[in-house]
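# Working through the structure, step by step
The chain contents come next:
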Amino acid sequence: MEQAMALNMARQGIEVAIMVLMPILSMCLFFGLLVSVFQALTQVQEMTLTFAPKLIGMAIVLAVLGNWMLGSVVSFTHACFERVGMVGAHQ
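We now turn to the structure provided with this report. Quick caveat, the model's predicted, so the values are computed rather than measured.

To continue, consider the overall build of the chain. A count of helical and extended segments in the chain gives 2 helices and 0 strands. Its C-alpha atoms give the chain a radius of gyration of 20 Å, more than 25% over the compact-globule value 12 Å for 91 residues. Principal-axis analysis of the C-alpha atoms gives the chain an extent of 65 × 25 × 15 Å. Taken across its 91 residues, the chain has 21% of its residues classed as buried. Partitioning the intrachain contacts of the chain with sequence separation of at least 6 by distance along the chain shows that 71% fall at a separation of at least 24. Of the roughly 6,900 Å² of accessible surface on the chain, 74% is carried by carbon and sulfur atoms.

Here it is as structure tokens:
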């Protein structure tokens, strides 16, 4: 039973990590694609041009969704500590 619980916790951890990271990664992908199209249209080949929009986009996502992201991670961590405490109590 402990192996199944450990695998379930690992699966939930991966799900939480993906859920928390997807808004940031999708925003970076969107801004990267937008800047690439802009560079292709204007033929401006400046490599550092992509960093500023991505950083601004990440800051916006963190400002809007940061509370939810932190709450998700804290909730998962709390559930992990509760399960660890239950495993120690059963022995």
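As a further point, take the environment of Val20. Secondary-structure assignment places Val20 in helix H1 (residues 2-42). Linking Val20 and Gly71, residues 51 residues apart in sequence, is a C-alpha distance of 10.0 Å.

Let us now look at the pattern of salt bridges. Taken as a whole and assessed by the stated rule, the structure comprises 1 salt bridge. The salt bridge involving Glu15 is made with Arg11; its shortest N-O contact spans 2.6 Å. Note that Glu15 and Arg11 are positioned in helix H1 at a spacing of 4 residues, about one turn of the helix. Look at Glu15 and you get partly exposed, because its relative accessible area is 42%. With a relative accessible area of 41%, Arg11 lands in the partly exposed category.

Within the largest apolar cluster, 8 residues are counted, these being Met9, Val16, Val20, Ile24, Val61, Met69, Phe76 and Cys80. Leaving out residues up to four positions away in the same chain, Val61 has contacts with Pro23, Ile24, Met27, Gly66 and Met69.

Now for the environment of Ser72. Locating Ser72 in the fold gives a position in helix H2 (residues 51-90). The exposure class assigned to Ser72 is buried, which follows from its relative accessible area of 15%. The residues touching Ser72, leaving out its near neighbours within four places in the chain, are Val16, Met19 and Val20.

Moving on: unusual backbone geometry. A positive phi angle, near 60°, is found at Gln43, a position not held by glycine. In this fold, Gln43 is placed in the loop between H1 and H2. Owing to a relative accessible area of 65%, Gln43 belongs among the exposed residues under this scheme.

On to a nonpolar patch on the surface, then. Taken together, the side chains of Met19, Ile56, Ile60, Val64, Leu65 and Trp68 present a nonpolar region at the surface, about 570 Å² in accessible area. Ranked by residue count, the leading element in the nonpolar patch is H2, at 5 residues. With respect to the element layout, Trp68 can be found in helix H2. A residue is classified by how much of its surface remains accessible, and Trp68, at 38% relative accessible area, is partly exposed.

Thresholds, definitions, all that
- Residues numbered from 1 in each chain as written.
- Predicted model: local features only at pLDDT ≥ 70, side-chain atom pairs only at ≥ 80, totals over all residues.
- Heavy atoms only, no water.
- Helix = DSSP H or I, 4+ residues; strand = E, 2+ residues; numbered from the N terminus.
- Rg over C-alpha atoms; globule rule 2.2 N^0.38 Å.
- Buried < 20%, exposed > 50% of the residue type's maximum accessible area, 1.4 Å probe, protein only.
- Contact = heavy atoms within 4.5 Å.
- Areas by Shrake-Rupley, 256 points an atom, 1.4 Å probe, with all protein chains shown as cover.
- Salt bridge = Lys/Arg side-chain N within 4 Å of Asp/Glu carboxyl O.
- Core = buried A, V, L, I, M, F, W, Y, C linked by side-chain atoms within 4.5 Å.
- Patch = residues over 30% accessible without salt bridge, like charges linked within 9 Å, V, L, I, M, F, W, Y side chains within 5 Å.

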